[in-house]
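Architecture at a glance
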Amino acid sequence: MAHKPKDASAQGTTPSRAVFWAAAILLVAHMALGTLTIFSLSQTYDEAVHLASGYAFWRSGEYRVDAARNNPVARLFASLPLLRSNPDAFLQDSAYGQRSDFAYANRFLYSNRVPAETILNTARLFLFLLISPILGWITFRWAQEIAGSYAGLGALFLYAFNPTILSLATLVTGDFTAAALVFLCLYSFAKALRPDSRRLLMMLVAGLCLGLALGSKHSAAILLAVLPLSYSFHSYFLGRPILSKSAARESLLIIFGALSILALVYTPRQLPLWWHGLYETLSVAKGGGGHIAYLLGEISGQGWWYYFPLAVLMKTPIPMILLMTMPVWVRVGKMPEPQARSELAFFLALPAMLWLGAACFSRFQIGIRHILPIFPFCCVIGGVVLSHLWRMEGWKRGGAGLLLVWYAAGTLKIHPHHLAYFNEAVGGPAKGYKRLSDSNLDWGQGLKALGALLKTEGNPPIYLSYFGTADPHLYGIRYVPVALFCEFPRPGDAVEPFRAGKTLFAISATNRVSTYYSDKRAMGWLDAYAPYKVLGHSLFVYDFTGQPEALKHIAQILFMQGDQERARSIARWWLKQPKPTDNTRLQP
């Protein structure tokens, strides 16, 4: 290639076989971590809907379930292996007919003849093993093509042990699939612009990836601005004409490829759904869609422009932040190959900055997952910086090694709870619930761990304030719902946990900080108590045995949510207990 780097690693002093096996080992490590993570998590908030929607599409030929808000590509990929086990689609169910998306998804996952865990983990594994190794390999290849084998291995190391990538690549959502396709689109486009490339073929591949990205997540429409901007800056930097007949033909080829994929995915009859979804996405981004944002203990209906930049700073490992900001950038900017410098600036750094910048205008602030596309770009940039550090003498090479050790150690330490990762500068995952909530930390993934804990305690019934849509009964949990946040009713069981040998109250981190409650201090009374266990940094378990004052608060919540009988049962028991000195009385 005309822009091939001339450093030692690129010239082959590092054997290609050794480089290949090093890359293979990193990919295997990544896949092992991801697979173990998959089997440790309960269903997260939206996964059942994504799966049910994709499977119903395969069986009915109609995109019907949650069709306006979310795109079908990731759902179709994830549900594809389910065709072999042939679970019931429940297409005659009233919830499907009435488009009650979450109720239908709950029926599909938890009332099926195929076990829920089999359905969920089969889809997770297929999607993860299909997409993540490809994205990791392209991350390696792009960095290697720009700055040599050291850069490629550095980029792949950053990718393989990135906690944000591991946390979202292992779930059935559109976020990771869209991020991968955005990256592949820009890689193909950049490769098409190299002097010795098969230009038209790579342009077509870029167009197909663009269509798949648009069919995975509406926010991928940012590519429609990123692609021409990256091309224009790249052409100007290299002294090439920006406007030409060949550029026009290639643009039409990309558009043709993208529209063909969208028509294939949606079918021509339902293609208007994509435009409707894009309009709804832009409306939600502008107004927040009624969602509440939580940041550093504050709650807002309007959000903050700096929400996503702060989220990145809090949830990105410090070594990666250092690699993105250290002075070695000056040396990277002096790379001798103009093509490589241009790709680094305009196809890696610029898209990441534009994506983050666009997110600053969005009021829909519920998770770093909405800017997931920036992370593969950061891995490549970090790999290039690492390669320059490694070629320096003395402490700088040692510093690069220490950064990698620190980076991997942080990820391995929190494994398999990667969703709850926060870096050391903000207190780590133990303080995460004081920084962010919802899918940044607690997306309903902790029920499996809770079920395992209760099993060691003899399976006592508990009071449960859960944020999520998974069924606690799947994990053997008997419970009374207390301010449970779900998309449909979950009545719980006819039990009285305060009469058990141990009175336990489990609460999700999102509910613990009252993110979505109208009373933002609804759970403030818990500040007076230390949790008995914290599961995965996202689920707090309190032991209220012999603490009638704590049960008073639970009774009041039950009374306010309309469960008067359970509230009165606690009140009658409470009145028989020794009274505190302030003579406080229960209201129920």
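The coordinates are above.
Attention in this report is confined to the structure presented alongside it.

What counts as what
Residues numbered from 1 in each chain as written. Predicted model: local features only at pLDDT ≥ 70, side-chain atom pairs only at ≥ 80, totals over all residues. Heavy atoms only, no water. Helix = DSSP H or I, 4+ residues; strand = E, 2+ residues; numbered from the N terminus. Buried < 20%, exposed > 50% of the residue type's maximum accessible area, 1.4 Å probe, protein only. Contact = heavy atoms within 4.5 Å. Areas by Shrake-Rupley, 256 points an atom, 1.4 Å probe, with all protein chains shown as cover. Lys, Arg positive; Asp, Glu negative; His and termini not counted. Charge placed at Lys NZ, Arg CZ, Asp CG, Glu CD. Pairing = 2+ DSSP bridges. Phe/Tyr/Trp six-rings, centres within 6.5 Å; stacked < 30°, edge-to-face > 60°. Lys NZ or Arg CZ within 6 Å of the ring centre and 35° of its normal. Core = buried A, V, L, I, M, F, W, Y, C linked by side-chain atoms within 4.5 Å. Salt bridge = Lys/Arg side-chain N within 4 Å of Asp/Glu carboxyl O. Axes fitted to C-alpha atoms, helices over the stretch in contact; angles between N-to-C directions. Polar contact = N/O pair within 3.5 Å; in protein donor to acceptor, adjacent residues only side chain to side chain. Expected span 1.5 Å × (residues − 1).

The next point concerns the overall build of the protein chain. A tally of helices and strands in the protein chain yields 25 helices and 7 strands. Principal-axis analysis of the C-alpha atoms gives the protein chain an extent of 85 × 60 × 40 Å. Classification of the 588 residues of the protein chain by burial places 59% in the buried group. Residue pairs at least 24 apart in sequence account for 73% of intrachain contacts in the protein chain once pairs closer than 6 positions are excluded. As displayed, the protein chain has an accessible area near 23600 Å², and 63% of this comes from carbon and sulfur atoms. Across the protein chain, the 53 positively charged side chains and the 33 negatively charged ones have centroids separated by 6 Å.

To continue, consider the pairing of strand 3 (residues 462–465). One face of the sheet, then the other: side chains in a regular strand alternate in exactly this way. Side chains Ile462 and Leu464 of strand 3 all project onto a buried face; the interleaved residues Tyr463 and Ser465 project onto the opposite face, where all are buried too. Of the pairings in the sheet, the one linking strand 3 to strand 4 (residues 479–481) comprises 3 bridges and is parallel in character. Residue pairing in the sheet places Ile462 in a bridge with Tyr479 of strand 4. Sheet analysis places strand 3 next to strand 5 (residues 504–508), joined by 3 bridges and oriented parallel. Opposite Ser465, over in strand 5, you have Ile507 as the bridge partner.

Of all 5 residues in strand 7 (residues 539–543), 4 are buried; the element is thus mostly enclosed. Relative to strand 7, strand 5 is paired through 5 bridges, and the arrangement is antiparallel. Considered in strand 7, the bridge of Phe505 is made with Tyr542. The pairing of strand 6 (residues 533–535) with strand 7 spans 3 bridges and is antiparallel. Across the sheet, the residue bridging to Lys533 is Val541, located in strand 7.

Glancing now at the packing of aromatic side chains. A complete count under the given rule lists 33 aromatic pairs for this structure. Geometrically, the ring pair formed by Phe20 and Trp21 is edge-to-face, given 5.5 Å between the ring centres and 80° between the ring planes. Since its relative accessible area comes to 42%, Phe20 is described here as partly exposed. Centre to centre, the rings of Tyr55 and Phe108 are 5.4 Å apart; their planes meet at 35°, and the pair counts as tilted. Here Phe108 lies in helix 7 (residues 101–110) and Tyr55 lies in helix 3 (residues 47–60), a separation of 53 residues in the sequence. Phe108 shares its class with Tyr55; the two are buried. Chaining the aromatic ring pairs together yields one cluster made of Tyr45, Phe102, Phe467, Phe485 and Tyr516. The ring of Tyr96 is capped by Arg64, whose NZ or CZ atom sits 5.1 Å from the centre of that ring.

With 201 residues, the main nonpolar core has Trp142, Leu450, Tyr463, Phe505, Trp525 and Ile554 as its most contacted residues. At 15 residues, the largest contribution of residues to this core is made by helix 8 (residues 116–147). Setting aside residues no more than four positions away along its own chain, Tyr463 makes contact with Val480, Val482, Pro497, Phe498, Thr503, Leu504, Phe505, Ala506, Leu551, Ile554, Leu558 and Ile570.

On to the pattern of salt bridges. In the structure shown here, the tally under the stated rule is 22 salt bridges. A salt bridge links Arg113 to Asp88; the shortest N-O distance between them is 3.4 Å. Highlighted residues: Arg113 in the loop between helix 7 and helix 8 and Asp88 in the loop between helix 5 (82–85) and helix 6 (94–97), separated in sequence by 25 residues. Under the relative-accessibility criterion, Arg113 is labelled exposed at 51%.

For the rest of this paragraph, the subject is the sheet that holds strand 4. Spatially, 4-3-5-7-6 is the arrangement adopted by the 5 strands of the open sheet, whose pairing is mixed. This sheet does not close on itself; its edge strands, each paired only once, are strand 4 and strand 6. The mean angle between the axes of side-by-side strands here comes to 25°, regardless of whether they run parallel or antiparallel.

For Asp175, the position within the fold is in helix 11 (residues 174–192). A polar contact of 2.9 Å, which involves the side chain of Asp175, links it to the side chain of Lys217. If near-sequence neighbours (up to four positions away) are discounted, Asp175 is found in contact with Lys217, Arg369, Leu372 and Trp443.

Now for unusual backbone geometry. In this model, His415 is joined to Pro416 through a cis peptide bond whose omega is 5°. For Pro416, the location among the structural elements is in the loop between helix 21 (395–414) and helix 22 (447–456). The phi angle at Asn86 is positive, at roughly 55°, despite the residue not being glycine. Inspection of the secondary structure assignment puts Asn86 in the loop between helix 5 and helix 6. The class of Asn86 is partly exposed, set by a relative accessible area of 35%. For Asn459, which is not glycine, the phi dihedral falls at a positive 55°. Relative to the assigned elements, Asn459 resides in the loop between helix 22 and strand 3.

Given 3.6 residues to a turn, an α-helix orients residues that are three or four positions apart in the same direction. Taking 1.5 Å as the rise per residue, helix 24 (residues 548–560) with 13 residues should run 18 Å; its terminal C-alpha atoms sit 18 Å apart, in good agreement. Of the surrounding elements, those touching the buried residues of helix 24 are strand 3, strand 4, strand 5 and helix 25 (564–575). A positive phi of about 95° marks Gly562, the residue just after helix 24.

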